[in-house]
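One letter stands for each residue in the lines below.
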Amino acid sequence: MPDQISRRETLRRGLTVAGILAIAERAVPALAQGETDVPFTDYPANFTVGGNGFPRRTFDHRTLDGLIVPKDKFFVTQHYNQPEIDPNAYRLKLTGMVKKPLELSLADLRRMRSTEMIVGYECSGNRPAAFQGLSSCGRFAGVPLREVLNQAGVGPKAREVVFLGTDRGEQEVVFRQQTFKLNQQFGRSVTLENAMKPDPMIVWALNGDPLTVPQGAPLRLLMPGYYGVCNVKWLSEIHLQEDRYLGNFQGRWYRSVVGVGGTGEDLDLNTQWIETEVTRIHLKSSISRVRKTGNNHQILGFVLNDGTPIRSVEVKIDDGPWQKAALDRANTKYSWKLFSYAWEGAKPGEHTVVSRVTDEDGNVQPTAEELKRKKTFLEDNSQFPRRIRIA
Ligand SMILES: Nc1nc2c(c(=O)[nH]1)N[C@H]1C(S)=C(S)[C@@H](COP(=O)(O)O)O[C@H]1N2
Ligand SMILES: [Mo]
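For the structure given in this document, a descriptive report is provided here.

Turning to the site of ligand 1, a few remarks are in order. Inspection of the region around ligand 1 gives 17 residues, with Phe-75, His-79, Asp-167, Arg-220 and Lys-233 positioned closest. A distance of 2.7 Å separates a nitrogen atom of ligand 1 from a polar side-chain atom of Asp-167. Interatomic distance of 2.7 Å between a side-chain N/O atom of Arg-220 and an oxygen atom of ligand 1. Compared with its free state, where it exposes 530 Å², ligand 1 has 99% of that area covered by protein. Residue classes in the shell around ligand 1 are distributed as nine nonpolar, five polar and three charged.

Below, the structure is given as structure tokens:
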């Protein structure tokens, strides 16, 4: 049993092993009769994340009730338009340093061995200010990316795999004193080594239904354990090359800068500024909802990370100690991981509740204070203290 209720607590509650297992397997049962949500006082009732000119949708974590987010609630975001592609005319092109350039129809891909995987991901801009709403988890179906690459054959010099979307938009590219306005295609890349791992997929379905246009129909890339930006929607071309791909959303926008050592002051000579690309999801947990039956309160939340096994999730109420939460049995390697904590003796009034996750490699979710030396707002995996009111 992972991280479940301690033995002492078990004896105290007089639960049978079967009883505990039932709890462990269904940490998030459907809202039962007489169960109500305890309101968050930090979450505006009509909260939405500002658009970028194109339709966006956030997932309301107060409705979290299982591993799988229904497809009409799955978060949506992108930088440009949402192109509509005729599935019959559609061809996925494999170009560049391949042995044999290919144009694959949807029927060609569907004839290959298909797989399914439950994958949770978030936009790297997801953060407390967005109430974590730029995140979701679903069951995706498609084909392993490496089988598609192997069909075209990887040329001996190829080291980088570039994924281009059909969508295009104006982008300002700044070079020294010059600014160019260029119409560019959305693109991202991964190293050949990462592309050839067993997990990356080219997917066409979410929760058993074909992808919708906002979700990237007819095909998108899915990099399990990576931030949302890597999952290129409306995928039109896979291009193999030797050099790094430096497109706007790879080389410029999706980077983080963190100060290490020294004072962290911008011009401090002893501070080292580490610049990294946004790739694998940084370890995060957050409380999604608090439910109440009679006098019993249950705190529910989720963990997102790169797939490294989780050692523990803990919950802290006001100034109390960190207490172990239970991980849901339904969690899988790349799903988001649901957790729950039975809060006993909750007193009426306002409370602060916060969670913290630790993985098997010993990484601990940082506090907002500990992330202060990160200059960019991306990859904010800070602990998120929530305010709630017990009636
Ligand atoms: N073609 C294309 N793919 C894209 C984007 C985009 O602008 N164009 N945005 C990315 C970003 S930043 C995120 S967070 C995810 C969001 O995926 P979703 O809309 O399915 O939730 O799509 C990614 N894939
Ligand atoms: Mo994103």
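After presenting the structure, the write-up continues.
Next up on the list: the pairing of strand S19 (residues 337–343). Judged by how many residues are buried, S19 sits mostly within the fold: six of seven residues are covered. Taken together, the seven bridges between strand S15 (residues 296–304) and S19 define a ladder with antiparallel strand orientation. Each residue of the ladder has a partner; that of Gln-298, found in S19, is Ala-342. The pairing of strand S18 (residues 326–327) with S19 spans two bridges and is antiparallel. When the bridges of S19 are listed, Leu-327 appears paired with Phe-339.

If you look at the biggest cluster of nonpolar residues, it comprises 66 residues, and the most contacted ones within it are Leu-109, Leu-149, Phe-163, Ile-202, Ile-238 and Trp-336. Sort the elements by how many residues they give to this core and strand S8 (residues 201–206) lands first, with six residues. Apart from residues no more than four positions distant in its own chain, Leu-149 is found in contact with Leu-94, Val-154, Val-161, Ala-195, Met-196, Ile-238 and Leu-240. Membership of the second largest hydrophobic core comes to 25 residues, among which are Val-38, Leu-283, Ala-346 and Phe-384.

Right, let's talk about unusual backbone geometry for a bit. Of the consecutive residues Ala-217 and Pro-218, the connecting peptide bond is found in the cis state with omega at 5°. The residue Pro-218 is located in the loop between strand S9 (209–210) and strand S10 (220–222) in this model. Although it is not a glycine, Phe-131 sits at a positive phi angle of roughly 50°. Tracing the backbone shows Phe-131 in the loop between strand S4 (115–122) and strand S5 (135–144). The phi dihedral of Trp-234 falls on the positive side, at around 45°, and the residue is not glycine. Its place among the elements puts Trp-234 in the loop between S10 and strand S11 (235–241). For Trp-234, a relative accessible area of 1% translates into the label buried.

Procedures and definitions
- Residues numbered from 1 in each chain as written.
- Chains lettered and ligands numbered in written order.
- Predicted model: local features only at pLDDT ≥ 70, side-chain atom pairs only at ≥ 80, totals over all residues.
- Heavy atoms only, no water.
- Near = heavy atom within 4 Å.
- Polar contact = N/O pair within 3.5 Å; in protein donor to acceptor, adjacent residues only side chain to side chain.
- Areas by Shrake-Rupley, 256 points an atom, 1.4 Å probe, with all protein chains shown as cover.
- Nonpolar A, V, L, I, M, F, W, Y, C, P; charged D, E, K, R; others polar.
- Buried < 20%, exposed > 50% of the residue type's maximum accessible area, 1.4 Å probe, protein only.
- Helix = DSSP H or I, 4+ residues; strand = E, 2+ residues; numbered from the N terminus.
- Pairing = 2+ DSSP bridges.
- Core = buried A, V, L, I, M, F, W, Y, C linked by side-chain atoms within 4.5 Å.
- Contact = heavy atoms within 4.5 Å.

In short, the description is geometric, and any link to function would need to be established separately.
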